[in-house]
Amino acid sequence: MIGFIGTGHMGGALARGVLAAGADPASVVVSAKDAQAARDFAEETGARPATSNTELVTAVGDGIVVVAVKPYAVADVLEEINDVARESGTVIVSIAAGLELATLARHLAPGQPLVRAMPNVAASVRASMTALCFSNSVTPAQQDAVREVFAAVGAHITLEEKHFSVFSALAGCSPAFTFTYIDALKRAAVADGLPAAQAVRIAAQAVEGAARLVLASELSPADLADTVQSPGGTTVAGVVELERAGFGAAVVRGVQASIDKDRNLS
Ligand SMILES: NC(=O)C1=CN([C@@H]2O[C@H](COP(=O)(O)OP(=O)(O)OC[C@H]3O[C@@H](n4cnc5c(N)ncnc54)[C@H](O)[C@@H]3O)[C@@H](O)[C@H]2O)C=CC1
Ligand SMILES: O=C(O)[C@@H]1CCC=N1
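Bear in mind that the values here come from a model prediction, so they are computed numbers and not experimental data.

Rules used in this analysis
Residues numbered from 1 in each chain as written. Chains lettered and ligands numbered in written order. Predicted model: local features only at pLDDT ≥ 70, side-chain atom pairs only at ≥ 80, totals over all residues. Heavy atoms only, no water. UniProt positions renumbered as here; feature names shortened; annotations may be inferred. Helix = DSSP H or I, 4+ residues; strand = E, 2+ residues; numbered from the N terminus. Buried < 20%, exposed > 50% of the residue type's maximum accessible area, 1.4 Å probe, protein only. Contact = heavy atoms within 4.5 Å. Disulfide = S-S within 2.5 Å. Right-handed = clockwise from strand over helix to strand, strands pointing away. Pairing = 2+ DSSP bridges.

Asks: Looking at this structure, how should I read the UniProt feature "binding site: NADP(+)" (unreviewed entry) in the chain?
Replies: On the UniProt side, "binding site: NADP(+)" (unreviewed entry) is annotated at positions that read Ile-5, Gly-6, Thr-7, Gly-8, His-9, Met-10, Ala-68, Val-69, Lys-70 and Pro-71 here. Maximum C-alpha separation among the annotated residues is 14.4 Å over a sequence range of 67 residues, consistent with a single clustered spot. Relative to the elements of secondary structure, Gly-6 occurs in the loop between strand 1 (2-5) and helix 1 (9-20). Classification of Gly-6 by relative accessible area gives buried; the value is 9%. The residues touching Gly-6, leaving out its near neighbours within four places in the chain, are Gly-11, Gly-12, Ser-31, Ala-32, Ala-68 and Val-69.

The following block contains the structure:
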């Protein structure tokens, strides 16, 4: 059994991804701040609604509960479910930005199996990049069960906790950077007369293709860029202008701002 406390952008994306991967809807339980929101989500997806977070943890038992509420709400939720989770031996997975295992553990019983995860919103289409960090109390079998959940919604790696802030910027936040980039590509194309919907589809497919090429190629991204830029050609004219406008430096600054914000949350 797996439970999702919170069915918002990320809890919803994960639950949808797990269901799309073929999980039995009867084995997926959801709760939300507003019980009606959980019922609506359950009705739409086939998952089981719980009327409270403790009811959800009771239903999940020694399975996995993903806490998918905003970071400021995590402590209250953990304290609310603590007793039931301790009795059941539930594996608690937090996906909250910035909250370290040691901070999370303060709200749970000593030895409670606890996992820190950082997925991204592409989990809904089973294309997340997720980092996992396990507390010492998570058994190898429980680790495998958690990995299975995140494998169902994309790629995953196990990462030392000290790298979570940079990972969060690079994989958790960067979909928003990329959506902003695709939107800017669209705007430029619309300015030249292309219909918006067509421009978005073209730009998104081009971004997906480029990302897949990076993953499949032995070449670095810079070397791949050279394969597109003919001397004196159209591409290099565009790249030079992007760099004049500070494109690369802007990306580095954006990533650093996300890293700093994440470190300040803990
Ligand atoms: N949105 C994203 O792309 C990502 C978000 N995260 C993390 O995921 C967590 C959730 O973020 P979002 O989904 O964006 O937020 P959201 O605002 O879309 O969803 C929050 C959900 O939590 C529920 N909730 C709030 N208080 C609750 C309570 N006491 N009991 C039960 N449910 C409660 C709400 O009903 C809602 O379903 C955050 O901690 C965030 O750091 C991590 C990676 C990516
Ligand atoms: O910005 C946020 O709240 C979350 C954390 C990682 C991605 N989105």
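Additional details are given in the paragraphs that follow.
Asks: It is not clear to me how the state of the cysteines should be interpreted in this structure. Could you clarify?
Replies: When the sulfur atoms of two cysteines share a covalent bond, that bond is a disulfide. All told, the structure shown has 0 disulfides when counted by the stated rule. As a non-bridged cysteine, Cys-133 has Cys-173 as the owner of its nearest cysteine sulfur, 18 Å distant. Judged by relative accessible area, which is 11%, Cys-133 ranks as buried. The class for Cys-173 is partly exposed, based on a relative accessible area of 26%.

Asks: Is there a simple way to think about the pairing of strand 2 (residues 28-31) in this case?
Replies: Sheet faces and side chains relate simply in a regular strand, where the side chains alternate between the two faces. Alternating residues of strand 2 divide into Val-28 and Val-30 and Val-29 and Ser-31, and every residue in both groups is buried. Chirality of the crossover, the property in question, places the unit of strand 1, helix 1 and strand 2 among those that are right-handed. Across 2 bridges, strand 2 lies against strand 3 (residues 48-49) in parallel orientation. In the sheet register, Val-29 faces strand 3, and the bridge partner there is Arg-48. The parallel pair strand 2 and strand 3, bridged by helix 2 (residues 35-45), forms a crossover whose chirality is right-handed.

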